[in-house]
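Structural features, examined
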Amino acid sequence: MSTPYPLSVWARNVSPSPTLAIDAKAKALAAAGEDVCGFAAGEPDFDTPEHIKEACIVALKGGKTKYAPTPGIEPLRQAIAERYGVEYGLKVVPAQVVVSPGGKFSCHLAVMATCSPGDEVIIPAPYWVSYPEMVKLAGATPKFVACDDRAGFKLTPAQLEAAITPKTRLVILNSPSNPTGAVYTRAELQALAAVALKHNLYILSDEMYEHLVYDGVTPTCIATFSPEIEARTIVVAGFSKTYAMTGWRIGTLVAPLPIAKAIAEIQSQMSSNVTTFAQYGALAALKEKEKTAAALKEMLVAFDRRRKLLHAELNKIPGVSCLLAEGAFYLFPNISSFGLKDADFCAKLLEAEKVAAVPGSAFGLEGYLRLSYATSDAIILKGVERLARFCATLKK
Ligand code: PLP
């Protein structure tokens, strides 16, 4: 159906999320009775821990059903500020914290508060699919820097330096990474932050997967490096991935006071507060520490086992090579040896073997697959067996 006038430039330029599209297709096939092995989901396959749900129900029944302050209920902002002190030794006051409807919106607000039309934003590729769209919706221009498996999917300070122009305003860093699971070391992040400081850039540090790390890795919060780095850094995190709360839509950000204030003002005109009673569930996640830690540990043990399983099985397939990522719940195997575009590879794989995977090109790097291991061991084994069979047909 046509519209009386052309849609806006924003509506015409935005691309739909390829990950959600593939996940929806796989779910539709499954609903139609097909035996689908889904590796496309970007969410834990666990349910939200009981004590978190319970606190939300109590709040709902207790009448926490009205508008709340835009940047979040005070006890939650306080608890988030405290956790940065406990976990990272970072001194944060509640006024620096903004609670938003999902980490996606937190990132979007961070871009909106720092970028104007004409600005450039450096995004290492592969990247989380939403970053370029957010940048475009702010009227700014994404500038991609390719970081392939030979570099461990990590941006180097020299690459960052080379990508900076007088128009560069912001660099977006994401560790642990979606889609690769790569985790930057503290030293690597320090070197990148130093370049951002030298060129007077803002840093959006997306630490959404901070707690999902393996092999004894400790997460890094970029704002801890120095007061000068802190003054230009917006740290995004949230409840979705760590506490299996994707449907709750609660993201958090910590920013220097003037930026946090600006972000809260933008949010006040776009969405107001996160669902009030949901915030009480999030509060329980932070307050009832022992129960939350036990639930997280259970998830981490399962994710770690599946990570190793998937990694080992993938590397047994001739023509596939995969790095063992240290974080999140994704692996990003290289399938370029098959000589097929990765989008074609994924379409044929779904068609022939009912295995759902997202092509690397959706994340800005051709020649790879993103496989989520937030699924059962049985599906991993079955799915990789099918993938191997599919790859063997391509080799002939
Ligand atoms: N950042 C990254 C890197 C992500 O992968 C996601 C979700 O997939 C988000 C932010 C946003 O999370 P949510 O909006 O579900 O809280």
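Here the structure is shown first, and the text comes after it.
Report on the accompanying structure. (Residues numbered from 1 in each chain as written. Predicted model: local features only at pLDDT ≥ 70, side-chain atom pairs only at ≥ 80, totals over all residues. Heavy atoms only, no water.)

The pairing of strands in a sheet happens through backbone hydrogen bonds and is either parallel or antiparallel. Spatially, S2-S8-S7-S6-S5-S3-S4 is the arrangement adopted by the seven strands of the open sheet, whose pairing is mixed. Looking at which strands have only one partner, the edges of the open sheet turn out to be strand S2 (97-100) and strand S4 (141-146). Here the strands of the sheet are splayed against their neighbours by 20° on average, with no regard to which way each runs. One ladder, built from four bridges, connects S2 with strand S8 (residues 251-254); its direction is antiparallel. Considered in S8, the bridge of Val99 is made with Thr252. Across the sheet, helix H10 (residues 257-270) touches S2, strand S6 (202-206), strand S7 (233-238) and S8, and the angle it forms with S2 is around 25°. (Pairing = 2+ DSSP bridges. Helix = DSSP H or I, 4+ residues; strand = E, 2+ residues; numbered from the N terminus. Axes fitted to C-alpha atoms, helices over the stretch in contact; angles between N-to-C directions. Contact = heavy atoms within 4.5 Å.)

Taken together, the neighbourhood of the ligand is formed by 13 residues, with Gly103, Asp206, Ser240, Lys241 and Arg249 sitting nearest. For the ligand, an oxygen atom lies 2.7 Å from a polar atom in the backbone of Gly103. At a separation of 2.6 Å, a nitrogen atom of the ligand approaches a polar side-chain atom of Asp206. Here the ligand has 390 Å² of accessible area as a free molecule, and 93% of this is covered by the chains. The residue makeup of the shell around the ligand, split by class, is four nonpolar, five polar and four charged. (Near = heavy atom within 4 Å. Polar contact = N/O pair within 3.5 Å; in protein donor to acceptor, adjacent residues only side chain to side chain. Areas by Shrake-Rupley, 256 points an atom, 1.4 Å probe, with all protein chains shown as cover. Nonpolar A, V, L, I, M, F, W, Y, C, P; charged D, E, K, R; others polar.)

Applying the stated criterion to the full structure yields 22 salt bridges. Close ionic contact of Asp304 with Lys308 constitutes a salt bridge, the shortest N to O distance being 3.3 Å. Here Asp304 pairs with Lys308, and both are found in helix H12 (residues 289-315), just four residues apart, close to one helical turn. You can call Lys308 partly exposed: its relative accessible area is 44%. Salt-bridge contacts for Lys316 lead to Glu313; the nearest nitrogen and oxygen are separated by 2.8 Å. Through salt bridges with shared partners, a single ionic network connects Asp45, Arg305, Arg306 and Asp377. (Salt bridge = Lys/Arg side-chain N within 4 Å of Asp/Glu carboxyl O. Buried < 20%, exposed > 50% of the residue type's maximum accessible area, 1.4 Å probe, protein only.)

Across the junction of Ala125 and Pro126, the peptide omega takes the value 5°, indicating a cis bond. Mapped onto the fold, Pro126 is located in the loop between strand S3 (120-125) and helix H6 (130-137). Residue Ser175 is joined to Pro176 through a cis peptide bond whose omega torsion reads -10°. The residue Pro176 is located in the loop between strand S5 (168-174) and helix H8 (186-198) in this model.

A separate point is the sheet that holds strand S12 (residues 369-372). Spatially, the three strands line up as an open sheet ordered S9-S12-S11, and their pairing is antiparallel. The two strands at the open ends of the sheet, each matched to only one other strand, are strand S9 (330-331) and strand S11 (358-359). Note that S11 and S12 share two bridges and pair antiparallel. Bridged to Val358 within S12 is Arg370.

Take the environment of Phe46 next. Checked against the element boundaries, Phe46 lands in the loop between strand S1 (37-38) and helix H3 (50-61). Phe46 gets classed as partly exposed once you look at its relative accessible area, which sits at 24%. The contact partners of Phe46, leaving out residues within four places of it in the chain, are Ala244, Glu298, Met299, Ala302, Phe303 and Arg306.

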